[in-house]
Amino acid sequence: MKNIIYFTALIKLITLTGVTPNVNGAEIEGIIFEKTYETDGVKLRIQGTGLLKYLGLIKAYVGALYLEEGSSIEDVLSDKPIRLEVEYFHALKGEDFGITTNKVIAKNTDAQTLERIRPQIEYHNSLYEDVQPGDRYSLTYIPGKGTELALNGKTKGIIEGAEFASALFSMWLGEFPMNEPFKRQLLGVK
């Protein structure tokens, strides 16, 4: 009886979060994210997945956050390895990514820091391309190397600096993220 209650509760939790367990990682809205990601000798493990809805109704994209094993979500924006993968449901123009990036970083960063990292932000924004449904951007920060922006597994560029990485990832994980429910889902906090 106890096992039936546990199993029923697990099924309800899975249904509410929209995440399906997968032996290779996680599935959300039919999109699969791998359980781990390894680069430069650093192994990252999936922390959480989420669905971002535009205006609370339109499914915009799904994402997965990866952290180094043993990392705490309290210091997610510190100088530690981190990766975010985002897969889109709709076509978007490359220049629109830069507009959003500028706005959200400005909300989460003080004026002096913003001024210091402005050249890095501008370079990063210049790397964006148009996306189609099913395209996947990833951001991977490795201390000492920088933040890699990749589209469908192809590197677009690498931007150095922990300060830039923290500001960039604050778009999803900072005090004023683009979407608070999406942030909580990525962090695995319901």
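Just so it is clear, the model here is predicted, and its values are computed rather than measured.

Colleague: Which parts of the structure should I look at to understand the overall build of the protein chain?
Modeller: The secondary structure content of the protein chain amounts to 5 helices and 10 strands. Relative to its 190 residues, the protein chain shows a buried fraction of 43%. Expressed as a percentage of contacts within the protein chain between residues at least 6 apart in sequence, the contacts between residues at least 24 apart total 55%. Approximately 10300 Å² of the protein chain is accessible, and the part contributed by carbon and sulfur atoms is 55%.

Colleague: Is there a simple way to think about helix α3 (residues 111-126) in this case?
Modeller: An α-helical turn contains 3.6 residues, so any two residues separated by three or four positions project in the same direction. Counted at 1.5 Å a residue, the expected span for α3 with its 16 residues is 22 Å, and the 22 Å between its end C-alpha atoms agrees. Of all bends in α3, the biggest is about 55°, found at I117, and the proline P119 comes one to four residues later. Residues of α3 that are buried include every one of T113, L114, I117, I121, H124 and N125, and no others. Residues of α3 that are buried in the fold lie against α2 (94-108), β8 (136-142), β9 (146-151), β10 (154-159) and α4 (162-173). Here α3 starts with a cap whose side-chain oxygen sits 3.1 Å from the backbone nitrogen of Q112, and that cap is D110.

Colleague: I would appreciate a short explanation of the sheet that holds strand β6 (residues 58-68) in the present structure.
Modeller: In sheet architecture, strand pairing relies on hydrogen bonds along the backbone and comes in two forms, parallel and antiparallel. Ordered in space as β4-β5-β6-β7-β8-β9-β10, the 7 strands form an open sheet in which the pairing is antiparallel. The open sheet has two free edges, formed respectively by β4 (36-39) and β10, since each of these has just one partner strand. With direction set aside, neighbouring strand axes in the sheet form an average angle of 25°. Taken together, the 6 bridges between strand β7 (residues 82-88) and β8 define a ladder with antiparallel strand orientation.

Colleague: Looking at this model, I keep getting lost on the packing of aromatic side chains. Mind explaining?
Modeller: What characterises a pair of aromatic rings is the spacing of the ring centres plus the angle enclosed by the ring planes. Throughout the structure, instances matching the rule amount to 7 aromatic pairs. Ring plane angle 80° and centroid distance 5.4 Å describe the contact between Y61 and F182, whose orientation is recorded as edge-to-face. Of this pair, Y61 sits in strand β6 while F182 sits in helix α5 (residues 180-187); the two residues are 121 residues apart in sequence, bridging distant segments of the chain. For Y61, a relative accessible area of 9% gives the class buried. Residue classification places F182 among the buried positions, given a relative accessible area of 1%. Seen in terms of ring centroids, Y88 and Y137 are 6.3 Å apart; in terms of plane orientation they differ by 90°. Their pairing is edge-to-face. Taken together, the residues span a long stretch of sequence, with Y88 in strand β7 and Y137 in strand β8 at a distance of 49 residues. Judged on exposure class, the residue Y88 and its partner Y137 are both buried.

Colleague: Would you take a moment to explain the side chain of T109 for this structure?
Modeller: Mapped onto the elements of the fold, T109 is located in the loop between α2 and α3. There is a polar contact of 2.9 Å between the side chain of T109 and the backbone oxygen of I105. Not counting chain neighbours up to four residues away, the residues in contact with T109 comprise L114 and A167.

Colleague: Where do I start with unusual backbone geometry in this structure?
Modeller: With the exception of glycine, most residues fall at negative phi, and the peptide bonds are largely trans. For E29, which is not glycine, the phi dihedral falls at a positive 55°. As for its placement among the helices and strands, E29 is situated in the loop between β2 (25-28) and β3 (31-34). A positive phi is found at N152, a non-glycine position, where the angle reads about 50°. The exposure class assigned to N152 is partly exposed, which follows from its relative accessible area of 45%.

Colleague: Honestly, the pairing of strand β5 (residues 42-54) in this entry has me stumped. Any pointers?
Modeller: Side-chain positions along a regular strand alternate between the two faces of the sheet. The pairing of β4 with β5 spans 4 bridges and is antiparallel. By the bridge assignment, T36 is partnered in β5 with R45.

Colleague: What's the story with a nonpolar patch on the surface in this structure? I'm lost.
Modeller: On the surface, Y54, L55, L57 and I58 cluster together into a nonpolar patch covering about 500 Å² of accessible area. For L57, the position within the fold is in the loop between β5 and β6.

Conventions used here
Residues numbered from 1 in each chain as written. Predicted model: local features only at pLDDT ≥ 70, side-chain atom pairs only at ≥ 80, totals over all residues. Heavy atoms only, no water. Helix = DSSP H or I, 4+ residues; strand = E, 2+ residues; numbered from the N terminus. Buried < 20%, exposed > 50% of the residue type's maximum accessible area, 1.4 Å probe, protein only. Contact = heavy atoms within 4.5 Å. Areas by Shrake-Rupley, 256 points an atom, 1.4 Å probe, with all protein chains shown as cover. Expected span 1.5 Å × (residues − 1). Bend = angle between axes of the 7 residues up to and from the residue. Polar contact = N/O pair within 3.5 Å; in protein donor to acceptor, adjacent residues only side chain to side chain. Pairing = 2+ DSSP bridges. Axes fitted to C-alpha atoms, helices over the stretch in contact; angles between N-to-C directions. Phe/Tyr/Trp six-rings, centres within 6.5 Å; stacked < 30°, edge-to-face > 60°. Patch = residues over 30% accessible without salt bridge, like charges linked within 9 Å, V, L, I, M, F, W, Y side chains within 5 Å. Salt bridge = Lys/Arg side-chain N within 4 Å of Asp/Glu carboxyl O.

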